[in-house]
Structures are given as structure tokens and as C-alpha cells.
Amino acid sequence: MKMLLMLLSFSALAFGHTTTLESGGFGSGFLHPISGLDHILAMVGVGMVAFLSQKKGYLLLVAFMGAMMLAAVIGFMGVEILFIEEGILLSIAVVFALIGYAKKISLNVIIAIIAFFGMFHGFAHGSEFQGGNFVTYMLGFSLTTLMLHLSGIVLAYGYTRILEKRSQVEALELA
């Protein structure tokens, strides 16, 4: 019971959509993606999938960021879309499921999935902007998004290196 209460007390920290950071330009845009665990997990996961997918994994980053920026503009214009938070949460589950299947699924299918979920994140960014310079705000959250993607690439690289070393040790033990 204590664990449940502790988790519930921290649940608000998991969502980056509190409108508390959306009152400026570059700085608030830069902080938005790291203000909630939902963005961090999804964007790091996209970087991991990009590394693990194929040699053209960078296209996943381009697809996510392009869709995110387009949807941010749509959100900024005041268009209403339902189930944004649910889409963001679903994106985490789907992206992390893709990590295990990145080499088995067509890169085009993965790009479509990643772009689709990038729209949810972008719409949330754009619709919650409250004032200041929207262009610099977009530049801020795009830069942070790219940094989180690159962090995912580094994590996936480290993970694959650990697996390679482990398999080498096991091969030596069997010999």
C-alpha cells in the first residue's frame, strides 16, 4: 500500500504537459521534453530503435522530428485533437516493443509508426504554448528531442556492446 501511495504521489511528474513551462521561447521549449518521463522515454526509445533498426536508422529521427514539428504548428494554430496523452503513453509502449523487433520489421513500416507517434508529442508541445516566440520555442524542444534521440542511440550502442562481450565470454567458456 505504501508503494502504491508513493507511485501515485509521483504520477504527475510522468507527464510533461502541465503548461507550467510554456510561457516563453527557447528556454521553455528546451525544458518541455525533459519535464516529463513520458517524453524522455519515448524519445530515448526512438533513438534506440533508430540504432537497432538498420543502416538508415537516421530516417527514423527525421520522421519523428518532422512529424513532431508539423503537429506542433497544428496544435499552436488551435486545432483540437482528442486522446493526445493516451497517444503519447501508447507511443512509449509501441516504441519499446519496436526495440525488440527493429531488425525484423521493414524500415518503412517503422518510419510510419514513429512519425505517427511523433505527431502526438508535437501536438502536445504546440497546443500548450502560451506566449513568447513560437519559432524559438520549437527550436528549443527540437534540440532537446534530438539530444534525447542521440542518448537513445548511445544507450543502444552500449547495450549491443555489452551483449557482444557477453557472447564472447560465453564462447570462450565453452571452448
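Residues numbered from 1 in each chain as written. Predicted model: local features only at pLDDT ≥ 70, side-chain atom pairs only at ≥ 80, totals over all residues. Heavy atoms only, no water.

Draft legend 1. Examining the overall build of the protein more closely. Across its full length, the protein carries seven helices and zero strands. Ordering the α and β elements of the protein from the N terminus gives α-α-α-α-α-α-α. Out of the 175 residues in the protein, the part that is buried amounts to 41%. Across the protein, every contact between residues at least 6 apart in sequence was considered, and the portion connecting residues at least 24 apart equals 78%. (Helix = DSSP H or I, 4+ residues; strand = E, 2+ residues; numbered from the N terminus. Buried < 20%, exposed > 50% of the residue type's maximum accessible area, 1.4 Å probe, protein only. Contact = heavy atoms within 4.5 Å.)

Draft legend 2. View of helix α5 (residues 84–101). When the terminal C-alpha atoms of α5 are compared, their 25 Å separation across 18 residues agrees well with the 26 Å that a helix rising 1.5 Å per residue should span. For α5, every residue scored as buried is listed here: I84, G87, I88, S91, I92, V95, L98 and I99. Relative to the axis of α5, the buried residues are bounded by an arc of 150 degrees and lie together on one face. Lining the buried residues of α5 we find α3 (37–53) and α6 (107–127). (Expected span 1.5 Å × (residues − 1). Arc of directions from axis to C-beta.)

Draft legend 3. View of the packing of α3 against α5. Interaxial distance between α3 and α5 falls to 9 Å at its minimum, and their mutual angle equals 30 degrees. With respect to α5, the axis of α3 lies roughly parallel. Relative to α5, α3 is oriented so that their crossing is left-handed. Counting all contacts with α3, which are made through D38, H39, L41, A42, G45, V46, M48, V49 and L52, the residues of α5 involved are E85, I88, S91, I92, V95, F96, L98 and I99. Taken together, the residues that form the contact of α3 with α5 break down as 12 nonpolar, three polar and two charged. (Axes fitted to C-alpha atoms, helices over the stretch in contact; angles between N-to-C directions. Parallel < 35°, antiparallel > 145°, perpendicular 65-115°, else oblique. Left-handed = near helix turned anticlockwise from the far one by under 90°. Nonpolar A, V, L, I, M, F, W, Y, C, P; charged D, E, K, R; others polar.)

Draft legend 4. Structural detail: the packing of α5 against α6. Two elements in contact, α5 and α6, have axes separated by 9 Å at closest approach and are oriented at 145 degrees. Read as a crossing pair, α5 and α6 show a hand that is left-handed. For the pair α5 and α6, contact is made by I84, G87, I88, L90, S91, V94, V95 and L98 and by I110, I113, I114, F117, F120, H121, F123 and A124, respectively. Looking at side-chain class alone, the contact of α5 with α6 contains 13 nonpolar, three polar and no charged residues.

Draft legend 5. Spatial organisation of the environment of I111. Relative to the assigned elements, I111 resides in helix α6. Distance from I111 to G57, taken between C-alpha atoms, is 8.9 Å for residues 54 residues apart in sequence. When neighbours within four sequence positions are excluded, I111 is seen to be in contact with L59, L60 and A63.

Draft legend 6. The arrangement of a nonpolar patch on the surface in detail. Where nonpolar side chains cluster on the molecular surface, the patch consists of L70, V73, I74, F76, M77, V79 and I81 and spans about 600 Å² of accessible area. Residue placement: I81 occurs in the loop between α4 (58–76) and α5. Overall, I81 belongs to the partly exposed group, its relative accessible area being 40%. (Patch = residues over 30% accessible without salt bridge, like charges linked within 9 Å, V, L, I, M, F, W, Y side chains within 5 Å. Areas by Shrake-Rupley, 256 points an atom, 1.4 Å probe, with all protein chains shown as cover. Salt bridge = Lys/Arg side-chain N within 4 Å of Asp/Glu carboxyl O.)

Draft legend 7. Local environment of the nonpolar core. Ranked by size, the top nonpolar core spans 31 residues in total, and within it V49, L60, F64 and I114 carry the most contacts. Contributions of two or more residues to this core are made by α3, α4, α5, α6 and α7 (134–174). Here this core takes eight residues from α4, the largest share from any one element. When near neighbours in sequence (up to four residues on either side) are disregarded, I114 contacts V46, L60, F64, V95 and L98. With seven residues, the next largest nonpolar core counts I84, F117, F120 and F123 among its residues. (Core = buried A, V, L, I, M, F, W, Y, C linked by side-chain atoms within 4.5 Å.)

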